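Each chain is listed here by its residues.
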Amino acid sequence: MKIKIERIEENFARVLEHSSLENGIQRFSYSVEDLAVRAILLEQLEELGLEIRLDGVGNLFASYNPLESNKRPILIGSHIDTVPDGGKFDGLTGVLCSLEVIQTMIDEQIQPQIPIVFVVFAEEEGSNFGTTMLGSKYWKGQLNEEDLNVLKNKDGRTALSVIQEAGFDPSNRECSFTSMNPAAMIELHVEQGGILEEKNLDIGVVTKIIGMNSYEITIHGTSNHAGSTPMHLRKDPLLPAAELILYVESLPNTYGSDLAVATVGKILAKPNGSNVISSEVSFTVDIRDTSKLGIESMSLALQRKVGELCKPKAFDYQIELVGKSDPVALSSSIIQVMESRLKLENIPYHKMPSGAVHDCAILADAIDVGMIFLPSKGGISHSPDEYTSMEAIEQGAQLLFDCVKELAG
Ligand code: GLV
Ligand code: MN
Ligand code: MN
């Protein structure tokens, strides 16, 4: 039974009609673009006759269960939100391939013993509130209304109010991880790195997913005139910030494992005037490693260094942990199903860790989780230049279909 790549391609085109493309895709959760793509998906899910549910933050679930089985379901899906100036393939590829898997099952009148639930998690990228995988963390019970009331977007609005305004009620826990009680999740995703391309392979089987701590650091100084304030009378918060940014670069080598990374990706100086000494600077620090110890050691060193750099001129500062996820190992039984399928079809593949985080990682401490990777051209992602070929997507969707069919019986 073959999945239909033409249908996936048509869906890509339909979705991309609704996303701004000039500088890449801007499709943040709860935005007009997000709602338009949700509408496209909902229309198709309804046409397929699936049972659709939305939870308190807008995570979307659609269940295919023709035998009305009460066995623990298998989840397939990903996310549709993007980073600022993002690409076409991150998240959306897994969503459209998962939709195609269910569509093929229906076409072929396959009636699985186990329900299959298509899922689109909200706010995976953290583009609104700085917390990655917000939707899956909420669904799993790791974030509550109080947490949502603390997280703010760039306009100072809380996650709680943005989510409520989009028509969702985070206090409604009717559709939760516990109530669904899934047995497994398989997420197909683009690699977002260059290993598969380097090896000239179309399929990666993911063995583990990196963990991360995300910090927001604010340093307060004294705003003043850039011309008339002599150098020795300044309290410029950008100076400790600059030293800290250089220090972040050194953290992985000193404290992390081979796969450790650390990034300052977002900076905001206030008031941001060319002839004004800043009153305050805030910036993010994203720390990742496949070892929990590595993440903790880098985080402690970072906090120590902020204190050390701010002390001489008595800068006030805050360090906020805005997001956290543990490194996880993926299910050896799902990996085995993938490998035997690939061997049967004579498809070469590579077993590899994921340096990006993914919603399925949030579930991996409780259920079996597997991931399929597809090559990213030039290893580029989180960029308008992100590209994965339809040939690779076809192979990945077929593997996803074959694995789900085998697991769901
Ligand atoms: C999500 O894409 C992440 O790895 O930050
Ligand atoms: Mn993604
Ligand atoms: Mn991403």
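No experiment lies behind these values; they were computed from the predicted model shown.

### Some thoughts on the coordination of the manganese ion (ligand 2)
Thinking step 1. For the manganese ion (ligand 2), the protein coordination sphere consists of His79 (NE2), Asp90 (OD) and His189 (NE2), at 2.0 to 2.2 Å.
Thinking step 2. Written as a sequence motif, the donor arrangement for the manganese ion (ligand 2) is H-x10-D-x98-H.
Thinking step 3. Residue His79 is classed as buried on the basis of its relative accessible area, which comes to 0%.

### Things to note about the coordination of the manganese ion (ligand 3)
Thinking step 1. Distances from the manganese ion (ligand 3) to its protein donors, Asp90 (OD), Glu125 (OE), Glu125 (OE) and His382 (NE2), fall within 2.1 to 2.5 Å.
Thinking step 2. For the manganese ion (ligand 3), all donor residues lie on one chain, and their spacing in sequence is D-x34-E-x256-H.
Thinking step 3. A separation of 3.5 Å is found between the manganese ion (ligand 3) and the manganese ion (ligand 2), both of which receive a donor from Asp90. Of this pair, Asp90 sits in the loop between strand E3 (74-79) and helix H3 (92-107) while Glu125 is found in the loop between strand E4 (116-121) and helix H4 (134-140), placing the two residues 35 residues apart along the sequence. Just as Asp90 is buried, Glu125 falls in that class too.

### Structural notes on helix H11 (residues 332-344)
Thinking step 1. The end-to-end C-alpha separation of H11 is 18 Å, in line with the 18 Å expected for 13 residues at 1.5 Å each.
Thinking step 2. Considered for burial, the residues of H11 that qualify are Ile334, Ile335, Val337, Met338, Glu339, Arg341 and Leu342.
Thinking step 3. Contacts made by the buried residues of H11 are with strand E5 (184-190), strand E6 (204-209), strand E15 (350-354), strand E16 (368-374) and helix H13 (390-408).
Thinking step 4. Residue Asn346 follows H11 closely and has a positive phi angle near 60 degrees.

### Re the pattern of salt bridges
Thinking step 1. For the coordinates displayed, the defined rule picks out 16 salt bridges.
Thinking step 2. The shortest N-O distance in the salt bridge between Glu165 and Arg157 comes to 3.1 Å.
Thinking step 3. With its nearest N and O atoms 3.0 Å apart, the salt bridge here joins Glu345 to Arg341.
Thinking step 4. Among the charged side chains, a network of salt bridges with common partners joins Lys4, Arg7, Glu100 and Asp107.

### Focus: the site of ligand 1
Thinking step 1. As a structural note, the neighbourhood of ligand 1 is formed by Glu124, Glu125, Arg288, Ala356, Val357 and His382.
Thinking step 2. In the model, an oxygen atom of ligand 1 is placed 3.0 Å from a nitrogen or oxygen of the Glu125 side chain.
Thinking step 3. Residue Arg288 places a side-chain N or O atom 2.7 Å away from an oxygen atom belonging to ligand 1.
Thinking step 4. Here ligand 1, which alone exposes 200 Å², has 93% of that area covered by the protein.
Thinking step 5. Its residues placed into classes, the shell around ligand 1 shows two nonpolar, one polar and three charged.

### A few points about the packing of H11 against H13
Thinking step 1. Two elements in contact, H11 and H13, have axes whose closest approach is 10 Å; the angle formed by their N-to-C orientations is 120 degrees. By the criterion of interaxial angle, the relationship of H11 to H13 is oblique. As for how H11 packs across H13, the hand of that crossing is right-handed. Contact residues: Ile334, Val337, Met338, Arg341 and Leu342 in H11; Leu399, Asp402, Cys403, Glu406 and Leu407 in H13.

### Some words on the domain arrangement of the protein
Thinking step 1. By domain assignment, the protein separates into domain 1 (5-210 + 328-408) and domain 2 (211-325).
Thinking step 2. Roughly 910 Å² is buried in total at the junction of domain 1 and domain 2, and carbon and sulfur atoms are behind 61% of that figure.
Thinking step 3. It is Gly130, Ile210 and Val357 in domain 1 that bury the most area against domain 2; as a group they hold 45% of the surface buried on that side.
Thinking step 4. Scanning the region where domain 1 abuts domain 2 turns up zero salt bridges.
Thinking step 5. Here domain 1 is connected to domain 2 by three residue pairs in polar contact (both at pLDDT 80 or more).
Thinking step 6. Of the residues that constitute the side of domain 1 that touches domain 2, the class distribution is eight nonpolar, four polar and two charged.

### Describing the packing of aromatic side chains
Thinking step 1. A complete count under the given rule lists seven aromatic pairs for this structure.
Thinking step 2. On the numbers, 5.8 Å between centres and 80 degrees between planes, the contact of Phe89 with Tyr387 is edge-to-face. Residue Phe89 is found in the loop between E3 and H3, and its partner Tyr387 is found in the loop between E16 and H13; the two are separated by 298 residues along the sequence.
Thinking step 3. Note on Phe121 and Trp139: the rings are 5.8 Å apart at their centroids and 55 degrees apart in plane angle, and the pair reads as tilted. Pair noted here: Phe121 is in strand E4 and Trp139 is in helix H4, with a separation of 18 residues, a long-range link.
Thinking step 4. Since its relative accessible area comes to 1%, Phe121 is described here as buried.
Thinking step 5. For Trp139, a relative accessible area of 1% corresponds to the buried category.
Thinking step 6. When the ring centre of Tyr138 is taken as reference, the NZ or CZ atom of Arg173 above it lies at 3.7 Å.
Thinking step 7. We note Lys305 situated over the ring of Tyr247; from NZ or CZ to the ring centre the distance is 4.9 Å.

Conventions we followed
Residues numbered from 1 in each chain as written. Chains lettered and ligands numbered in written order. Predicted model: local features only at pLDDT ≥ 70, side-chain atom pairs only at ≥ 80, totals over all residues. Heavy atoms only, no water. Donors = N, O, S within 2.8 Å, 3.2 Å for Na, K, Ca; no water. Buried < 20%, exposed > 50% of the residue type's maximum accessible area, 1.4 Å probe, protein only. Helix = DSSP H or I, 4+ residues; strand = E, 2+ residues; numbered from the N terminus. Expected span 1.5 Å × (residues − 1). Contact = heavy atoms within 4.5 Å. Salt bridge = Lys/Arg side-chain N within 4 Å of Asp/Glu carboxyl O. Near = heavy atom within 4 Å. Polar contact = N/O pair within 3.5 Å; in protein donor to acceptor, adjacent residues only side chain to side chain. Areas by Shrake-Rupley, 256 points an atom, 1.4 Å probe, with all protein chains shown as cover. Nonpolar A, V, L, I, M, F, W, Y, C, P; charged D, E, K, R; others polar. Axes fitted to C-alpha atoms, helices over the stretch in contact; angles between N-to-C directions. Parallel < 35°, antiparallel > 145°, perpendicular 65-115°, else oblique. Left-handed = near helix turned anticlockwise from the far one by under 90°. Domains from an automatic or database assignment. Buried area = accessible area lost by both parts, 1.4 Å probe. Phe/Tyr/Trp six-rings, centres within 6.5 Å; stacked < 30°, edge-to-face > 60°. Lys NZ or Arg CZ within 6 Å of the ring centre and 35° of its normal.

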